[in-house]
There are 2 protein chains.
Amino acid sequence: MEQSAAAAARRIKGAERVLILSHHNPDGDTLGSAFGLMRALDFLGKQSAVLCSDPFPEKFSYFTEARPLDFEPDLIAAVDIADTQLFGEKLMPYAGRVDLCIDHHVSNTRYAAETCLDPAAAATAEIMLEIIREMGVPLSAAIADPLYTGIATDTGCFKFSNTTGNTHRAAAELIEAGADYNTINRLMFDTKSRARIRVEQSALSSMEFFLGGRGAMIVIPRKLVEETGADESELDGVSAIPRQIEGVQVGLTFRERDGFYKISVRTVEPVDASEICRSLGGGGHARAAGCTLKGSLDEVKKAVLEAVERQV
Amino acid sequence: MEQSAAAAARRIKGAERVLILSHHNPDGDTLGSAFGLMRALDFLGKQSAVLCSDPFPEKFSYFTEARPLDFEPDLIAAVDIADTQLFGEKLMPYAGRVDLCIDHHVSNTRYAAETCLDPAAAATAEIMLEIIREMGVPLSAAIADPLYTGIATDTGCFKFSNTTGNTHRAAAELIEAGADYNTINRLMFDTKSRARIRVEQSALSSMEFFLGGRGAMIVIPRKLVEETGADESELDGVSAIPRQIEGVQVGLTFRERDGFYKISVRTVEPVDASEICRSLGGGGHARAAGCTLKGSLDEVKKAVLEAVERQV
């Protein structure tokens, strides 16, 4: 059964003990939406807790709170979880028992008894704001901080093409309710780990241009990743660099793995990254795609450059 | 005389030939506001042109348009120009002849016959949107693109503390009018020149930590700036890097000049950058300040680190 925000709000208000679930490998939206709801339930004097298969990342510690599940829930709500495969090991026992799923992914598999879905929302937090409004809970900074985080992180701070007028109006409301957006954005977007800085330095030193400056490529050696302990999201940020260079239409990152290379291809319109990668046995989206190739760095570079030249 | 947006709109609608002035060393807000107004005047069938002492930077070419001043203006409007010192050489003859100044700088010197000023606006483009609305001109993508650019650039894409609920509501309106925000934000925030990349690479290689990781510093050699031709805004972007590192409260950039060093100090609350710089003969804001010191790099570093230690 598909639900409106108003119906979801009524369902939540009818409960007294709410278990809120976030997806594994949690991001700002799944946690922001979950904790926004938890604070709203606090205001109403209801019991609640947020559970996740993975620990809450340190970077979200300004709004996360570990509460034990010391109650028997009368409502289990999943937020920003499109598919039960995203529950992770620890939460898997709840996969068949979700009463209400609140989500914005068009790919949502309708695994819950009731689903409140809005694929036009840039973030689940945008839907959660509407639900909290419908619940009649006044917005406070404690509610606004996590919801703002969800919206900002899922839109790359209002840059991505999923951002709508409604997204900005939600941000306006959250800022006016006291969301500390300046600090939040500094933590989310302008903070780099030392590991990231070291990988970035090495990547910039390896930078080579091709196609007369319309292409740029970097290499990330396996040893460097091991030494620095840089995580996937950090490496992903570094992979974005080549395409960011003025005049570059094709940005390539060659990441050395155990006996093969993972190649990330980022492009600017009209170059199709997925076409380039498909011809090398990979795939992805029009502006960002990937493939995996065996061989020496020189061999792999040669193969990829030939594929790029066929496309450009 | 101070004017409301409605009064400014009436004044503009009463004119037939409008000369619009932008400040020298033009940024996204002065040009975005000027071209937003020019497109609105186009809609009304009035003559207009935008003048600036410096050429329109290439990065704004998606909305700028060089039009000759082949008419005798009956209204001279200055946008986003707080002081006649910002007119630059070419526009200086107009400094005493401005009929209407539209601005958001609290420091505005009221040099114009009439001033429409809103210091609460994050960008002059935010005020211009209101004026264009009051002029009864429907928003089009041609008007929305420059205005969105002004707002996005003056707020660091909604990150800076000048961003308000009103700023986001303005962005909502501009996006719904067709502003190509995805492309604009890529050009404004995710595009780096090759010069910037080279300076960044060198700066990252020079990175040193101090105060047990609570401080980080980089050096930008004079020769590198000359070789790459990196401009001030590019160097400013690089100076932001040290403070962006996790755990860093004080970020220092030592920029070598002709026989002296320019030091940029960026801090995170509660460290006061202006206090650090004042003790070295400089000044600035609480989170970003600067000073100039003579001596060898080692001597200058030592003096600055001592000043930092006194503050932290």
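The sections below set out a description of the structure shown in this document. (Residues numbered from 1 in each chain as written. Chains lettered and ligands numbered in written order. Predicted model: local features only at pLDDT ≥ 70, side-chain atom pairs only at ≥ 80, totals over all residues. Heavy atoms only, no water.)

### What about the pattern of salt bridges?
Side-chain pairs of opposite charge can arise whenever the charged atoms involved come near each other.
All names here are of chain A.
No. 1: The final tally for this structure, using the stated rule, is 38 salt bridges over all chains.
No. 2: Arg196 is paired through a salt bridge with Glu200; the nearest N and O atoms lie 2.7 Å apart. A residue pair is termed a helical-turn pair when its members lie 3 or 4 positions apart in one helix, as Arg196 and Glu200 do in helix α8 (residues 194-205) at four residues. There is no split in this pair, since Arg196 and Glu200 are both buried.
No. 3: Linked by salt bridges that have partners in common, Arg39, Asp42, Glu65 and Arg67 make up one network. (Salt bridge = Lys/Arg side-chain N within 4 Å of Asp/Glu carboxyl O. Helix = DSSP H or I, 4+ residues; strand = E, 2+ residues; numbered from the N terminus. Buried < 20%, exposed > 50% of the residue type's maximum accessible area, 1.4 Å probe, protein only.)

### Points about the interface of chain B and chain A
No. 1: The interface of chain B with chain A comprises 40 residues on the first partner and 40 residues on the second.
No. 2: Of the roughly 3,600 Å² buried between chain B and chain A on both sides combined, carbon and sulfur atoms contribute 57%.
No. 3: Summed over the shared surface of chain B and chain A, the number is four salt bridges.
No. 4: Residues B:Arg169 and A:Glu176 are paired through a salt bridge, measuring 2.7 Å at the closest nitrogen-oxygen approach.
No. 5: For the pair chain B and chain A, the number of links is 16 residue pairs in polar contact (both at pLDDT 80 or more).
No. 6: The leading source of residues in the side of chain B that touches chain A is helix α6 (residues 165-176) of chain B, at eight residues.
No. 7: A class-by-class count of the residues in the side of chain B that touches chain A yields 16 nonpolar, 15 polar and nine charged. (Contact = heavy atoms within 4.5 Å. Buried area = accessible area lost by both parts, 1.4 Å probe. Polar contact = N/O pair within 3.5 Å; in protein donor to acceptor, adjacent residues only side chain to side chain. Nonpolar A, V, L, I, M, F, W, Y, C, P; charged D, E, K, R; others polar.)

### Re helix α1 (residues 5-13) of chain A
No. 1: Along α1(A), the residues that are buried comprise A:Ala5, A:Ala7, A:Ala8, A:Ala9 and A:Ile12.
No. 2: The inward-facing, buried residues of α1(A) abut α2 (28-43), β3 (75-79), β4 (100-103), β5 (114-117) and α4 (124-134) of chain A.

### A closer look at the layout of surface pockets
All names here are of chain B.
No. 1: Empty space within the second largest pocket amounts to approximately 280 Å³.
No. 2: Looking at the second largest pocket, it is lined by 15 residues, and the ones nearest its centre are Asp236, Ser239, Arg255, Lys262 and Ser264.
No. 3: Elements supplying a minimum of two residues to the lining of the second largest pocket: α10 (232-239), β8 (250-256), β9 (260-267) and β11 (288-294).
No. 4: The element contributing the most residues to the lining of the second largest pocket is α10, with five residues. (1 Å grid on protein atoms, 1.4 Å probe; cavity = no way out; pocket = protein on both sides within 12 Å on 5 of 7 lines; lining within 4 Å. Points joined across faces, edges and corners; volume = space filled by probe spheres on them.)

### Remarks on helix α7 (residues 181-189) of chain A
Residues and elements named next belong to chain A.
No. 1: Those residues of α7 that fall on the buried side of the exposure criterion are Tyr181, Ile184, Asn185 and Met188. What you see down the axis of α7 is that its buried residues fit within an arc of 95°, all on one side.
No. 2: On its buried face, α7 sits against α5 (141-154) and α6 (165-176). (Arc of directions from axis to C-beta.)

### Focus on the pairing of strand β9 (residues 260-267) of chain A
All names here are of chain A.
No. 1: With six of its eight residues buried, β9 lies for the most part within the structure.
No. 2: Two strands pair when backbone bridges link them, and β9 and strand β11 (residues 288-294) are joined in this way by seven bridges, in the antiparallel orientation. By the bridge assignment, Ser264 is partnered in β11 with Gly290. (Pairing = 2+ DSSP bridges.)

### Topic: the relation of the copies chain B and chain A
No. 1: Mapping chain B onto chain A is achieved by rotating through 180° and translating by 0.1 Å along the same axis, at an RMSD of 0.4 Å. As the rotation angle and translation indicate, the two copies are arranged about a two-fold axis.
No. 2: The share of interface residues of chain B whose copies in chain A are also at the interface is 100%, consistent with both copies meeting through the same surface. (Least-squares fit on C-alpha atoms with pLDDT ≥ 70 in both.)

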